[in-house]
Amino acid sequence: MALKTASTNGMWMLEDCKRSFMEMKWKKVHRYIVFKIEEKSKKVAVDKVGAAGETYHDLAASLPEDDCRYAVFDFDYVTVDNCRMSKIFFITWSPEASRIREKMMYATSKSGLRRVLEGIHYELQATDPTEMGFDKIQDRTK
């Protein structure tokens, strides 16, 4: 089953996307989720799910060098007051080597997907790995 997102280009999001996100957010069974747009069917689908024990580096390694993707990452950390916290990051991966049409499709669909995935705290946009380094994630939570 697909949910219609509120994006301007008529993209659909598969039910599995929202279900996986809710499992990550509430049950903590996933560390990250990578989404891709299936161009022919105009649907956003889950591309990869990282288990709870995986790291941010596993997420970065799973992103293709020449294709765009969306990703959400559940970042757990401890504050200076010794409180355990969790923040969800939305990452738009649009590498230089990807096609222009693909970059435009991901850029125009992003807001619709973000509206469906409620509870995202921070957003990152990256065109190369240095723009989404782990230090960028840590800096955002300070």
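Residues numbered from 1 in each chain as written. Predicted model: local features only at pLDDT ≥ 70, side-chain atom pairs only at ≥ 80, totals over all residues. Heavy atoms only, no water.

**Quick word on the overall build of the protein chain**
The helix and strand inventory of the protein chain stands at four helices and seven strands. Start at the N end of the protein chain and walk to the C end: the helices and strands fall as β-β-α-β-β-α-β-β-α-β-α. Expected size for 142 residues packed as a compact globule is a radius of gyration near 14 Å; at 15 Å, the protein chain falls within 12% of this value. Here the protein chain, with 142 residues, has 41% of them falling under the buried criterion. Looking at the protein chain alone, contacts between residues at least 24 apart form 59% of all its contacts between residues at least 6 apart. Per element, the accessible surface of the protein chain, about 7,700 Å² overall, is 53% carbon and sulfur. When the 24 basic and 22 acidic side-chain charges of the protein chain are each reduced to a single mean position, those positions are 6 Å apart. (Helix = DSSP H or I, 4+ residues; strand = E, 2+ residues; numbered from the N terminus. Rg over C-alpha atoms; globule rule 2.2 N^0.38 Å. Buried < 20%, exposed > 50% of the residue type's maximum accessible area, 1.4 Å probe, protein only. Contact = heavy atoms within 4.5 Å. Areas by Shrake-Rupley, 256 points an atom, 1.4 Å probe, with all protein chains shown as cover. Lys, Arg positive; Asp, Glu negative; His and termini not counted. Charge placed at Lys NZ, Arg CZ, Asp CG, Glu CD.)

**As for the environment of Gly50**
Here Gly50 shows up in strand 4 (residues 43-51). Taking C-alpha positions, Gly50 is 8.8 Å from Val29, a pair spaced 21 residues apart along the chain. Residues within four places of Gly50 in sequence aside, it is in contact with Val29, His30, Arg31 and Tyr32.

**Looking at unusual backbone geometry**
The phi dihedral of Lys42 is positive, around 55°, even though this residue is not glycine. With respect to the helices and strands, Lys42 occurs in the loop between strand 3 (30-38) and strand 4.

**Considering the nonpolar core**
Counting residues in each nonpolar core, the largest one holds 20 residues, and the members touching the most others are Phe21, Phe35, Val44, Val72, Leu113 and Leu117. Sort the elements by how many residues they give to this core and helix 3 (residues 100-116) lands first, with four residues. Each residue touching Val72, except ones within four places of it in the same chain, is listed here: Phe21, Met24, Arg31, Tyr32, Ile33, Phe35, Ile88, Phe89, Phe90, Leu117 and Ile120. (Core = buried A, V, L, I, M, F, W, Y, C linked by side-chain atoms within 4.5 Å.)

**Quick word on the packing of aromatic side chains**
Inspection of every chain in the model, using the stated rule, returns nine aromatic pairs. Ring geometry for Tyr56 and Phe73: centres 4.9 Å apart, planes at 70°, overall edge-to-face. Of this pair, Tyr56 sits in helix 2 (residues 56-62) while Phe73 is found in strand 5 (residues 69-78), placing the two residues 17 residues apart along the sequence. The burial state of Tyr56 is the same as that of Phe73; both residues are buried. (Phe/Tyr/Trp six-rings, centres within 6.5 Å; stacked < 30°, edge-to-face > 60°.)

**Points about the pattern of salt bridges**
Applying the stated rule across the entire model yields nine salt bridges. The shortest N-O distance in the salt bridge between Asp16 and Arg19 comes to 2.9 Å. A residue pair is termed a helical-turn pair when its members lie 3 or 4 positions apart in one helix, as Asp16 and Arg19 do in helix 1 (residues 15-27) at three residues. Here Arg31 and Asp76 are joined by a salt bridge, their closest N and O atoms 2.8 Å apart. With Arg31 in strand 3 and Asp76 in strand 5, this residue pair connects regions lying 45 residues apart in the sequence. Judged by its relative accessible area of 17%, Arg31 falls in the buried class. (Salt bridge = Lys/Arg side-chain N within 4 Å of Asp/Glu carboxyl O.)

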